[in-house]
Amino acid sequence: MEYTTLGRTGLKVSVAGLGCGGFSRLGLGTGKSEADAIRLVGEAFALGVNLFDTAAVYGTEAVLGKALKALPRDQVVITTKAWIPRGSERSAGERAIASLDNSLKELGTDYIDVFQLHGVSPRAYDHARDAIAPVLLDQQAKGKIRFLGVTETGSGDAEHEMVQRSVDDAVWDVVMVAFHMMHPNARTLVFPRTIANGVGTLIMFAVRNIFSKPQRLKAELQQLAAAGKVTRWLGHAPNPLGFLIHEDGGGALNVTEAAYRFVRHEPGVDVVLFGTGDREHLRANIAAILKPPLPDTDRRMLAKYFGHLVGVGLDPPVYMPGLNLH
Ligand SMILES: NC(=O)c1ccc[n+]([C@@H]2O[C@H](COP(=O)([O-])OP(=O)(O)OC[C@H]3O[C@@H](n4cnc5c(N)ncnc54)[C@H](OP(=O)(O)O)[C@@H]3O)[C@@H](O)[C@H]2O)c1
């Protein structure tokens, strides 16, 4: 494993972080058992992964907590999230504290390394900063939180409007950002500013469905070609990203590997989150994230074909339609 510093938090984190949400939810979302999920977390740690990202709404905090019981707490970085929608009888601050306390209980720990507000839309940002963050800073002073972060909504905020604002507000030390081969605009809109301000970055959506399900990729490219957004041959090619797959010159073994390698080597990317419930995928993804960058010629082709795309492939989980919190 390789390690890096998560921005100004100073936390030493593995460049590959295990995401406990997404469609897999450590395998709980794909029919695996809790025992399988616990084993997967242990294997990830044995392979050097020390950052685990979960959230109250994922339903994986408790299982992650059980898995972490076997691991040294000071060698693990736990990032979790609270989703605080507007409009409720209790104040947003009270709900944030309740969510934090519940996360501590579920995870079986007395502090969260990075506590994030989950899926903050541009419209909700002022409220998050002015009404919720001060309450969380009190909790930080009590030692229940080490650092605060925000995560964006994905498809609801494809231009990263919320994160672009948050990076200038000193309260958030970490941001979670969507970035991948066909949605690369964080390269210009986000990373120059996170680097300048020392804000740590956790990257989501590196693979999701679009680079793990060939039919999903083909369907997307057909639509994009029909809309004139990508060159026409990509819309009917049997293996549209085949140009990335070649044994010579450091090419990728498959599309998923290419997708993780693409994200990993982008300046400004600290941790690539990958979600899986599959032991083979766990190993393959860590290996991919530790491989060198894709060859220059392949990266140039990606920039030519897809560099202009925005908001592609940011699928919300099927069980929470309209809510892109996973
Ligand atoms: N707004 C937010 O806060 C937000 C939104 C989205 C994501 N996130 C975070 O980011 C994490 C990562 O996102 P993600 O879960 O979508 O992860 P991802 O790495 O982008 O995609 C993982 C998907 O691809 C499959 N997969 C993984 N490795 C594979 C491989 N080698 N070959 C084929 N298929 C593979 C997984 O299924 P298998 O189980 O079959 O491997 C899973 O369905 C989440 O777990 C969560 O922590 C946060």
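Residues numbered from 1 in each chain as written. Predicted model: local features only at pLDDT ≥ 70, side-chain atom pairs only at ≥ 80, totals over all residues. Heavy atoms only, no water.

A.B. asks: What's the story with helix α11 (residues 279–289) in this structure? I'm lost.
C.D. replies: For an α-helix, 3.6 residues make a turn, and residues three or four places apart therefore share a direction. For α11, the full list of buried residues reads L282, N285, I286, A288 and I289. Down the axis of α11, the buried set is contained in an arc of 160°. They therefore lie on one face. Each element contacted by the buried residues of α11 is listed here: β3 (16–19), α1 (34–46), α10 (255–264) and β10 (271–275). At the N-terminal end of α11, a side-chain oxygen is found 2.8 Å from the backbone nitrogen of E280, two or three residues along, and the residue is D278. (Buried < 20%, exposed > 50% of the residue type's maximum accessible area, 1.4 Å probe, protein only. Helix = DSSP H or I, 4+ residues; strand = E, 2+ residues; numbered from the N terminus. Arc of directions from axis to C-beta. Contact = heavy atoms within 4.5 Å. Polar contact = N/O pair within 3.5 Å; in protein donor to acceptor, adjacent residues only side chain to side chain.)

A.B. asks: Mind showing me how you'd approach the side chain of R95 here?
C.D. replies: Its location among the elements puts R95 in helix α3 (residues 92–107). Not counting residues within four places of it along the chain, the set of residues in contact with R95 comprises I84, P85, G87, S88 and R90.

A.B. asks: I tried to follow the pattern of salt bridges on my own but got confused; where do I start?
C.D. replies: Side chains that differ in sign of charge can pair as their charged atoms come close. For the structure shown, the criterion picks out 20 salt bridges. Its salt-bridge partner being R129, residue D130 comes within 2.8 Å of it at the nearest N-O pair. We classify R129 as partly exposed; its relative accessible area is 24%. Salt-bridge contacts for D315 lead to R216; the nearest nitrogen and oxygen are separated by 2.7 Å. Of the two residues, D315 is situated in the segment after α12 (296–306) and R216 in helix α8 (residues 214–226); the sequence distance between them amounts to 99 residues. (Salt bridge = Lys/Arg side-chain N within 4 Å of Asp/Glu carboxyl O.)

A.B. asks: I keep staring at the nonpolar core and nothing clicks. Help me out?
C.D. replies: In globular proteins that are soluble, nonpolar side chains generally tend to be buried together. Core analysis: the biggest nonpolar cluster contains 86 residues, and F52, M181, M182, F211 and F306 have the highest contact counts within it. Considering every element that reaches this core, the biggest residue donor is α10, with six residues. Look past the residues within four positions of M181 in its chain and what remains in contact with it is F211, L241, L244, V255, A258, A259, F262, L302 and F306. Grouped together as the second largest cluster of nonpolar side chains are 16 residues, V13, M176, L202 and L314 included. (Core = buried A, V, L, I, M, F, W, Y, C linked by side-chain atoms within 4.5 Å.)

A.B. asks: In this structure, what is going on with the pairing of strand β7 (residues 145–151)? I would like to understand it.
C.D. replies: Two faces belong to every sheet, and in a regular strand the side chains alternate between them. For β7, the buried fraction is high: six of the seven residues fall into the buried class. The pairing of strand β6 (residues 112–117) with β7 spans five bridges and is parallel. Opposite F115, over in β7, you have L148 as the bridge partner. (Pairing = 2+ DSSP bridges.)

A.B. asks: Sorry, what's going on with the side chain of T9 here?
C.D. replies: Positionally, T9 belongs in the loop between β1 (3–5) and β2 (12–14). Classification of T9 by relative accessible area gives buried; the value is 10%. Here the side chain of T9 touches L11 through a polar contact of 3.0 Å, landing on its backbone nitrogen. Dropping the residues within four chain positions of it, T9 is found in contact with F147, D173 and V174.

A.B. asks: For this particular structure, what's the right way to read the pairing of strand β5 (residues 77–82)?
C.D. replies: Of all six residues making up β5, six are buried, and the element is well covered by its neighbours. Where burial is concerned, the two faces of β5 agree: the one with V77, T79 and K81 and the one with I78, T80 and A82 are both buried. Regarding topology, helix α2 (residues 61–68) serves as the crossover connection from strand β4 (residues 51–53) to the parallel β5, and that connection is right-handed. In the sheet, β5 pairs with β6 via four bridges, with the strands oriented parallel. When the sheet's bridge partners are listed, K81 is paired in β6 with Q116. Note that the unit made of β5, α3 and β6 has a crossover that is right-handed. (Right-handed = clockwise from strand over helix to strand, strands pointing away.)

A.B. asks: It is not clear to me how the sheet that holds strand β8 (residues 174–178) should be interpreted in this structure. Could you clarify?
C.D. replies: Strand pairs in the sheet, formed through backbone hydrogen bonds, run parallel or antiparallel to each other. The strand order around the closed barrel formed by eight strands is β3-β4-β5-β6-β7-β8-β9-β10, and the pairing between neighbours is parallel. If you compare each strand with its neighbour and ignore which way they point, the axes differ by 30° on average. Pairing analysis gives two bridges linking β3 to β4, with the strands arranged parallel. Looking at the pairing, G19 lines up with D53 of β4. Packing against the sheet, α10 makes contact with β9 (200–204) and β10, and its axis sits at approximately 155° to β10. (Axes fitted to C-alpha atoms, helices over the stretch in contact; angles between N-to-C directions.)

A.B. asks: Would you mind showing me how to read α3 here?
C.D. replies: Its 16 residues give α3 an end-to-end C-alpha distance of 22 Å, which sits within 8% of 22 Å, the value for a rise of 1.5 Å per residue. Those residues of α3 lying buried are A92, G93, R95, A96, S99, L100, S103, L104 and L107. Buried positions along α3 lie against α2, β5, β6, α4 (125–141) and β7. Looking one or two residues beyond α3, the residue adopting positive phi is G108, at roughly 65°. (Expected span 1.5 Å × (residues − 1).)

A.B. asks: How should the packing of aromatic side chains be read in this particular structure?
C.D. replies: Ring pairs (aromatic) are described by centroid distance and by the angle formed between their planes. Using the criterion set out here, one finds seven aromatic pairs in the structure. Here W233 and Y305 contribute two aromatic rings whose centre-to-centre distance is 5.6 Å and whose plane-to-plane angle is 85°, an arrangement assigned as edge-to-face. Of the two residues, W233 is situated in helix α9 (residues 233–236) and Y305 in helix α12; the sequence distance between them amounts to 72 residues. In this structure W233 comes out as partly exposed when scored by relative accessible area, which is 36%. Taking 6.4 Å as the distance between ring centres and 80° as the angle between the ring planes, the aromatic pair formed by Y260 and F274 counts as edge-to-face. Taken together, the residues span a long stretch of sequence, with Y260 in helix α10 and F274 in strand β10 at a distance of 14 residues. (Phe/Tyr/Trp six-rings, centres within 6.5 Å; stacked < 30°, edge-to-face > 60°.)

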